[in-house]
Amino acid sequence: MSSTVASEKKQEPQGLRKNGKQWHSPRKAFRPGSGLTSYEKRTKVRMATAATKARENEMKEEKETERKQRVQAIKDKRAAKEEKERYEKMAEKMHKKRVERLKRKEKRNKLLNS
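Right, let's walk through the structure included here. (Residues numbered from 1 in each chain as written. Predicted model: local features only at pLDDT ≥ 70, side-chain atom pairs only at ≥ 80, totals over all residues. Heavy atoms only, no water.)

## Description of the overall build of the chain
No. 1: Along its length, the chain carries three helices and zero strands.
No. 2: The order of α-helices and β-strands along the chain, N terminus first, is α-α-α.
No. 3: Looking at the chain residue by residue over its 114 residues, the buried ones come to 3%.
No. 4: Of the roughly 11900 Å² that the chain leaves accessible, carbon and sulfur atoms contribute 54%. (Helix = DSSP H or I, 4+ residues; strand = E, 2+ residues; numbered from the N terminus. Buried < 20%, exposed > 50% of the residue type's maximum accessible area, 1.4 Å probe, protein only. Areas by Shrake-Rupley, 256 points an atom, 1.4 Å probe, with all protein chains shown as cover.)

## Considerations on a negative patch on the surface
No. 1: Where like charges cluster on the molecular surface, the negative patch consists of Glu82, Glu85, Glu88 and Glu92.
No. 2: Position of Glu92 relative to the elements: it lies in helix α2 (residues 39–93).
No. 3: Classification of Glu92 by relative accessible area gives exposed; the value is 69%. (Patch = residues over 30% accessible without salt bridge, like charges linked within 9 Å, V, L, I, M, F, W, Y side chains within 5 Å. Salt bridge = Lys/Arg side-chain N within 4 Å of Asp/Glu carboxyl O. Lys, Arg positive; Asp, Glu negative; His and termini not counted. Charge placed at Lys NZ, Arg CZ, Asp CG, Glu CD.)

## Here we look at the packing of α2 against helix α3 (residues 96–113)
Helix packing for two helices is described by the angle between their axes and how far apart those axes are.
No. 1: Axis separation between α2 and α3 bottoms out at 10 Å; the angle between their running directions is 145 degrees. Crossing geometry of α2 relative to α3 is assigned as right-handed. Of the residues in α3, those in contact with Glu83, Arg86, Tyr87, Met90 and Ala91 of α2 are Val99, Leu102, Lys103, Glu106 and Lys110.
No. 2: Looking at the contact of α2 with α3 residue by residue, the class counts come to five nonpolar, no polar and five charged. (Axes fitted to C-alpha atoms, helices over the stretch in contact; angles between N-to-C directions. Left-handed = near helix turned anticlockwise from the far one by under 90°. Contact = heavy atoms within 4.5 Å. Nonpolar A, V, L, I, M, F, W, Y, C, P; charged D, E, K, R; others polar.)

## Observations regarding the pattern of salt bridges
No. 1: In total, this model carries four salt bridges according to the counting rule given.
No. 2: Among the salt bridges present, the one from Arg86 reaches Glu106, with a minimum N-O distance of 2.8 Å. Of this pair, Arg86 sits in helix α2 while Glu106 sits in helix α3, placing them 20 residues apart in sequence.
No. 3: Judged by relative accessible area, which is 39%, Arg86 ranks as partly exposed.

## Examining the packing of aromatic side chains
No. 1: Tallied over the full model, the rule gives zero aromatic pairs.
No. 2: Its guanidinium or amino end placed over the ring of Tyr87, Arg86 lies 5.0 Å from that ring's centre, counting from NZ or CZ.
No. 3: When the ring centre of Tyr87 is taken as origin, the NZ or CZ atom of Lys103, which lies over that ring, is 5.1 Å away. (Phe/Tyr/Trp six-rings, centres within 6.5 Å; stacked < 30°, edge-to-face > 60°. Lys NZ or Arg CZ within 6 Å of the ring centre and 35° of its normal.)

## A word on a positive patch on the surface
No. 1: Taken together, the side chains of Lys96, Lys97, Arg98, Arg101, Arg104, Lys105 and Arg108 define a basic patch exposed on the protein surface.
No. 2: For Arg104, the location among the structural elements is in helix α3.
No. 3: What makes Arg104 partly exposed here is its relative accessible area of 47%.

Structural data, given as C-alpha cells:
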C-alpha cells in the first residue's frame, strides 16, 4: 500500500510556477532544524578532529626536531672544521708538541666552561 501512495505522489503534476521560471527544478521547503545533529554525534566529531590535530602536531614536532638535529650537525661539522684549520695554521708557525699542548689546554677549558 505504501508503494502505491509513493508512486501517486510522484505522478502528480505540479502546475505552472507563479514566477514563470518553469525550467528550474522544484525546491523543497526550508527546514532549519533538519541539519541539526545530536550531541553524541557532535562530540564524536570533535573527538575525531582533536585526535587528528594532536597527531598532526606530533608529526610537526618530530619533523622540527629532525630539522634542528640536522642544523646542529651541520654547525658542529663547521665548528670542527674551523678548529682543525686553526690548529693547522698554528702548526705551521709553532712546534708540533706545543700545538698538542694547546689543544689539550683548550679542551680542559671547554669542559670547565660548559
